[in-house]
Structure formats: C-alpha cells, structure tokens
Amino acid sequence: GQQLNQSPQSMFIQEGEDVSMNCTSSSIFNTWLWYKQDPGEGPVLLIALYKAGELTSNGRLTAQFGITRKDSFLNISASIPSDVGIYFCAGQNPGGSEKLVFGKGTKLTVNP
Amino acid sequence: GAVVSQHPSWVICKSGTSVKIECRSLDFQATTMFWYRQFPKQSLMLMATSNEGSKATYEQGVEKDKFLINHASLTLSTLTVTSAHPEDSSFYICSASRVATEAFFGQGTRLTVV
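The sections below set out a description of the structure shown in this document. Not measured: the values here are computed from a predicted model.

This part covers the interface of chain A and chain B. Tallying the contact residues gives 19 residues for chain A and 22 residues for chain B. In total, chain A and chain B occlude about 1600 Å² of area from one another, counting both sides; carbon and sulfur atoms represent 57% of this. In terms of surface lost to chain B, no three residues of chain A exceed A:E98, A:K99 and A:F102, which account for 33% of the buried area on that side. On the surface where chain A and chain B come into contact, there are one salt bridge. Between A:K99 and B:E59 there is a salt bridge, with its nearest N and O atoms 3.0 Å apart. Counting across the interface, chain A meets chain B through five residue pairs in polar contact (both at pLDDT 80 or more). If you list the elements that add at least two residues to the side of chain A that touches chain B, you get β4 (31-37), β5 (44-49), β9 (85-92) and β10 (100-102) of chain A. If you tally residues by element for the side of chain A that touches chain B, the top one is β4(A), at four residues. Its residues assigned to classes, the side of chain A that touches chain B shows nine nonpolar, six polar and four charged.

Analysis parameters
Residues numbered from 1 in each chain as written. Chains lettered and ligands numbered in written order. Predicted model: local features only at pLDDT ≥ 70, side-chain atom pairs only at ≥ 80, totals over all residues. Heavy atoms only, no water. Contact = heavy atoms within 4.5 Å. Buried area = accessible area lost by both parts, 1.4 Å probe. Salt bridge = Lys/Arg side-chain N within 4 Å of Asp/Glu carboxyl O. Polar contact = N/O pair within 3.5 Å; in protein donor to acceptor, adjacent residues only side chain to side chain. Helix = DSSP H or I, 4+ residues; strand = E, 2+ residues; numbered from the N terminus. Nonpolar A, V, L, I, M, F, W, Y, C, P; charged D, E, K, R; others polar.

What follows is the structure, given as structure tokens:
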C-alpha cells in the first residue's frame with residue numbers, strides 16, 4: 001500500500017530554535033495534513049493544505065504542499081517547550097475516499 | 001476546530017469480555033468515521049471505515065467479527081472489541097471529517113485486557 005516517508009524520526013533542539021520536518025511519497029496526494037499528538041491523546045490538526053504549491057501558516061507553524069504533490073514540509077519557528085510531541089503528516093489521495101495515509105511521525109524534544 | 005469526542009478514555013477489561021468504544025461528532029454530522037489502532041511509539045494504523053447506515057469497510061488483516069463497528073447515526077459510531085484478549089490491548093482512536101478533507105480525531109481510548 002501507499003506509504004509516506006517522514007523525516008527526521010526524532011529531533012532534539014534548544015528552546016528558541018527553528019525546526020523543519022518533511023514527508024515524501026511515491027504517489028501524489030490531493031491533500032496534506034499535519035497533526036501533533038501528545039502522549040495519551042488523539043492527534044490534533046495543525047495545518048491542512050489543499051493545493052500544490054500552497055504555503056500556509058498557523059502562528060509559528062508554516063507548512064507547504066509540494067508542487068509535485070508528492071511532498072510537504074512543516075516548519076516551527078522559535079520553538080517553545082510546549083512544542084514537544086509527535087508530529088505526523090497525513091496525505092489524502094485522489095479518488096474521493098476520505099482515507100488518510102500517515103507518516104511514521106517525528107518526535108520533537110525541546111530543551112528549555 | 002470541530003470536536004470529536006471519544007469515550008471512554010481508558011478501560012481495563014478481563015480476557016474474554018467485550019468492550020464498546022464510542023465516537024461522537026459533537027458539532028457536525030459525519031457520514032464517515034474512521035477507526036485507528038496505535039501501538040506504542042508507532043503511527044496510526046487504519047482499521048476500518050465506518051459508514052452511516054451501511055456496513056463498515058475493513059482494512060486488510062482486520063477481523064470484522066472481532067472488531068464490530070456500528071454507525072447508527074450521523075454523529076455516533078461505535079467500535080466493539082469482542083472476546084478481547086491481551087494482544088488486543090492498544091490505543092484506539094476514531095476520526096471524523098466535517099468536510100471531505102479535514103479529519104478531526106477523538107481523544108483516544110487506552111484498552112488494557114488482563
């Protein structure tokens with residue numbers, strides 16, 4: 001089945017640093033979604049991208065839908081301790097199904 | 001964002017018993033909901049698609065007789081783990097879409113079978 005390659009698998013940064021993570025796929029997607037999951041909780045939607053080339057911001061978060069429709073990145077600027085968590089990308093492929101394909105996640109640790 | 005509520009947040013049950021997990025969309029109607037399973041330190045694995053008014057669609061390898069799904073209304077889907085065994089212990093999460101492309105997740109249910 002389809003797979004998303006998400007990298008890096010984990011990151012250890014200092015508070016205030018910027019962070020970048022990305023997802024790539026061998027097939028195209030219609031929609032890219034970025035989620036954050038805290039331990040013991042369900043994923044929370046951060047940013048949704050609907051068009052190739054789209055660049056969208058949500059506070060300190062910025063995400064882009066790759067022009068080839070096969071990749072997306074998420075940037076976090078000026079990280080703070082509460083940014084700690086696991087970030088997942090998810091893609092929705094063409095064909096009308098609402099099913100999502102998830103990346104394996106990026107675990108972010110922010111040292112104060 | 002839209003609110004999806006999942007209940008219970010955690011449950012402990014004895015081996016051989018059945019457990020029901022509810023997923024509700026609180027402020028929108030969802031004709032489709034999804035059930036996921038997540039193992040520790042892993043990503044979400046789609047189990048099945050719950051369709052209001054019709055049978056659920058299960059992913060390959062998921063036992064439909066073990067994981068019963070009922071989507072009785074546009075705001076409620078239930079997952080029943082039947083004859084649970086310790087290997088069924090996991091974190092189960094549901095999601096629902098307000099529009100076709102924004103999926104919102106419930107808080108998850110931690111199931112422990114002893």
